[in-house]
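Chain residues, written in single-letter form:
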Amino acid sequence: MNTEKTLLVIEDESAILTFLHSSLEKSGWQVIEARTGRMGLDLAASRKPDVILLDLGLPDQDGLDVLKALRQWTSAPVIIISARGQEHDKIKGLDAGADDYLTKPFGVPELMARLRVALRHAAQKPEDAPPLYDHEGLKVDLVARKVWLKKKEIHLSPLQYDLLACLVRNAGRVVSQKQLIKEVWGETVTPELVRITVHQLRHKIEPDPVRPRSLKTEPGVGYRLESPQEE
């Protein structure tokens, strides 16, 4: 195993952490741990682990909420490790963006096999966009889920934020209406609703919504958020 591979374990049970450290470090993994969801999100952003093991029963928030927050900005493989072994729990985790699901207790050989699969899948994915977007006075922190315009924090509705986050993850590329509907709404909605939401979002993130500098319309196709590198 490549000794540079990093595993982030978001778990608050000391016995599980000790077991994972002793088992995985022998196989060449660098194991870093977070005992809360908030700490896990911070370490995922700063350390950029190759794989994340995520417990659902965390002391500060539900693991599914942590998973949804991670999926706002990173495609790193996430394997849920949980005592919740019912089928509906597994379906919820996978639908929320997990790559795999392990029910406690589990053995080292099975875990190692799941990690190898996760690494193979990760090698086929494009590199993640940076979790921080900064362009023309608009700043978006996908980890903290905060947005600023001209250094003043602005507040978006959950739908407006999800729309903006989708555009940030694809900054510099055109995002079709179909893709926005799939990623933001997750169900069939009318193009008119998309246009209304974009219109509302522009009035919050653009100094001049009539002449947008960040969120551009590509007629007949969709929308594009200017890349931070563009002048």
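For the structure, check the block above.
Before going into details, it helps to say that this report is about the structure given with it. A quick note: this is a predicted structure, and the numbers were derived from the prediction, not measured. (Residues numbered from 1 in each chain as written. Predicted model: local features only at pLDDT ≥ 70, side-chain atom pairs only at ≥ 80, totals over all residues. Heavy atoms only, no water.)

The next thing to look at is helix 8 (residues 191–205). Taking 1.5 Å of rise per residue, 15 residues should cover 21 Å, and helix 8 covers 21 Å from first to last C-alpha, within 8% of that figure. Looking only at helix 8, the buried set comprises Val-194, Thr-197, Val-198, Leu-201, Arg-202 and Ile-205. An end-on view of helix 8 places all buried positions within 140° of arc, on one side of the element. (Helix = DSSP H or I, 4+ residues; strand = E, 2+ residues; numbered from the N terminus. Expected span 1.5 Å × (residues − 1). Buried < 20%, exposed > 50% of the residue type's maximum accessible area, 1.4 Å probe, protein only. Arc of directions from axis to C-beta.)

Judged by nonpolar contacts, the single largest core of 53 residues is most densely connected at Leu-164 and Leu-180. For this core, the element with the highest residue contribution is helix 6 (residues 158–169), accounting for 7 residues. In this structure, Leu-17, Leu-20, Ile-81 and Ala-118 belong to the second largest nonpolar core, which totals 19 residues. (Core = buried A, V, L, I, M, F, W, Y, C linked by side-chain atoms within 4.5 Å.)

For the pair helix 6 and helix 8, interaxial distance at closest approach is 10 Å and the crossing angle is 85°. With respect to their mutual orientation, helix 6 and helix 8 come out roughly perpendicular. On the side of helix 6, the interface is formed by Leu-159, Gln-160, Leu-163 and Leu-164, while helix 8 contributes Thr-197, Val-198, Gln-200, Leu-201, Lys-204 and Ile-205. In terms of residue class, the contact of helix 6 with helix 8 is built from 6 nonpolar, 3 polar and 1 charged. (Axes fitted to C-alpha atoms, helices over the stretch in contact; angles between N-to-C directions. Parallel < 35°, antiparallel > 145°, perpendicular 65-115°, else oblique. Contact = heavy atoms within 4.5 Å. Nonpolar A, V, L, I, M, F, W, Y, C, P; charged D, E, K, R; others polar.)

The tally for this structure, following the rule as stated, stands at 1 aromatic pair. In this structure, Lys-139 is placed above the aromatic ring of Trp-148, and the distance from its NZ or CZ to the ring centre is 5.5 Å. (Phe/Tyr/Trp six-rings, centres within 6.5 Å; stacked < 30°, edge-to-face > 60°. Lys NZ or Arg CZ within 6 Å of the ring centre and 35° of its normal.)

Attention shifts here to the pairing of strand 7 (residues 138–141). Where strand 6 (residues 132–135) and strand 7 come together, 4 bridges link them in antiparallel fashion. Paired with Asp-134 across the strands is Lys-139, a residue of strand 7. Once strand 6 ends, the chain turns through 2 residues before running back antiparallel as strand 7, passing Glu-136 with a positive phi of about 50°. Counting the residues between successive antiparallel strands, the hairpin from strand 7 to strand 8 (residues 146–149) contains 4 residues, one of them, Arg-145, with a positive phi of roughly 60°. (Pairing = 2+ DSSP bridges.)

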